[in-house]
Amino acid sequence: MVHRVCRRSLAYRRQSIAHGTVRWGDLVFRVSCWLMRITPHFRLPEMITSPAIIIANHRSAFDIAIMVTVLKRVGLTNTRWVIKAELAGAPAIGWMGRESGGVFVHRSKDPQDIARMRRGAEQAHEDRASVLLFPEGTRFTGAV
């Protein structure tokens, strides 16, 4: 709403929401560490000034909070996500994904996923945004 009133561009809106998503995830991470009395130590590269493609393992829901904390610490707060389509209706995650320019993909190999990924990549490139994806988005819960 503020962006419409102030006549900000859609790219500015996407970037603002992406920054907010990273701040929110970083807060979740820091509060969780405080509650568990954990002091995290990271060995990270210096600040990254160019957009990047970030590919990470995804074994637990906490991976997301860890990744956004890492992204914030290296300066990659303007980030677009590739998200499983099942989360599009989730109250916070779905809204943030849609509004920040995230791409929702189906696990059923929907033929439109390639076109959605291409449009999302073009938009991220225009916005000078990084892209984050977790190729191992499904966690195995069955017996080994």
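Up top is the structure these notes are about.
Let me begin by describing the structure that accompanies this report. (Residues numbered from 1 in each chain as written. Predicted model: local features only at pLDDT ≥ 70, side-chain atom pairs only at ≥ 80, totals over all residues. Heavy atoms only, no water.)

1. Structural notes on unusual backbone geometry
1) Next: A positive phi angle is found at Arg37, which is not glycine, with a value near 55°.
2) Next: With respect to the element layout, Arg37 can be found in the loop between helix H2 (10-36) and strand E1 (53-55).
3) Next: The phi angle at Arg128 is positive, at roughly 55°, despite the residue not being glycine.
4) Next: Considering the arrangement of structural elements, one finds Arg128 in the loop between helix H5 (112-126) and strand E4 (130-133).
5) Next: The exposure class assigned to Arg128 is exposed, which follows from its relative accessible area of 56%. (Helix = DSSP H or I, 4+ residues; strand = E, 2+ residues; numbered from the N terminus. Buried < 20%, exposed > 50% of the residue type's maximum accessible area, 1.4 Å probe, protein only.)

2. So, the packing of H2 against helix H4 (residues 91-100)
1) Next: Orientation of H2 relative to H4, taken along the N-to-C sense of each, is 145°, at an axis distance of 8 Å. Of the residues in H4, those touching H2 at Arg13, Arg14, Ile17, Ala18, Thr21 and Trp24 are Trp95, Met96, Glu99 and Ser100.
2) Next: A class-by-class count of the residues in the contact of H2 with H4 yields five nonpolar, two polar and three charged. (Axes fitted to C-alpha atoms, helices over the stretch in contact; angles between N-to-C directions. Contact = heavy atoms within 4.5 Å. Nonpolar A, V, L, I, M, F, W, Y, C, P; charged D, E, K, R; others polar.)

3. Overview of the layout of surface pockets
In this approach a probe as big as a water molecule rolls over the atoms, and the regions it shows empty are the leftover space.
1) Next: Roughly 820 Å³ of internal volume is contained in the largest pocket.
2) Next: Every residue lining the largest pocket is counted, 32 residues in all, and those nearest its centre are Val82, Ile83, Lys84, Leu87 and Phe134.
3) Next: Of all the elements in the fold, those that place two or more residues in the lining of the largest pocket are H2, helix H3 (62-74), strand E2 (79-84), H4 and H5.
4) Next: Residue composition of the lining of the largest pocket, grouped by class: 19 nonpolar, nine polar and four charged.
5) Next: Within this model, the second largest pocket holds a volume of roughly 280 Å³.
6) Next: Breaking the lining of the second largest pocket down by element, the ones donating at least two residues are E2, H5 and E4.
7) Next: For the lining of the second largest pocket, the element with the highest residue contribution is H5, accounting for five residues.
8) Next: Of the residues contributing to the lining of the second largest pocket, the split by class is twelve nonpolar, four polar and two charged. (1 Å grid on protein atoms, 1.4 Å probe; cavity = no way out; pocket = protein on both sides within 12 Å on 5 of 7 lines; lining within 4 Å. Points joined across faces, edges and corners; volume = space filled by probe spheres on them.)

4. What to know about the pairing of E4
1) Next: Pairing between E1 and E4: three bridges, direction parallel. Within E4, the position partnered with Ile53 by the bridge is Val131. (Pairing = 2+ DSSP bridges.)

5. Focus on the side chain of Thr79
1) Next: If you trace the backbone, Thr79 turns up in strand E2.
2) Next: One polar contact links the side chain of Thr79 to the main-chain carbonyl oxygen of Leu76, over a distance of 2.9 Å.
3) Next: Residue contacts for Thr79: discarding those within four places in its chain leaves Ala18, Leu71, Ser130, Val131 and Leu132. (Polar contact = N/O pair within 3.5 Å; in protein donor to acceptor, adjacent residues only side chain to side chain.)

6. Here we look at the pairing of E2
1) Next: The buried fraction of E2 amounts to five of the six residues, a majority that puts the element mostly inside the structure.
2) Next: Taken together, the three bridges between E2 and E4 define a ladder with parallel strand orientation. Its bridge partner lying in E4, Thr79 is registered against Ser130.
3) Next: Bridging between E2 and strand E3 (residues 103-105) involves three bridges; their strand directions are parallel.

Geometric descriptors of this kind do not, in isolation, establish any biological role.
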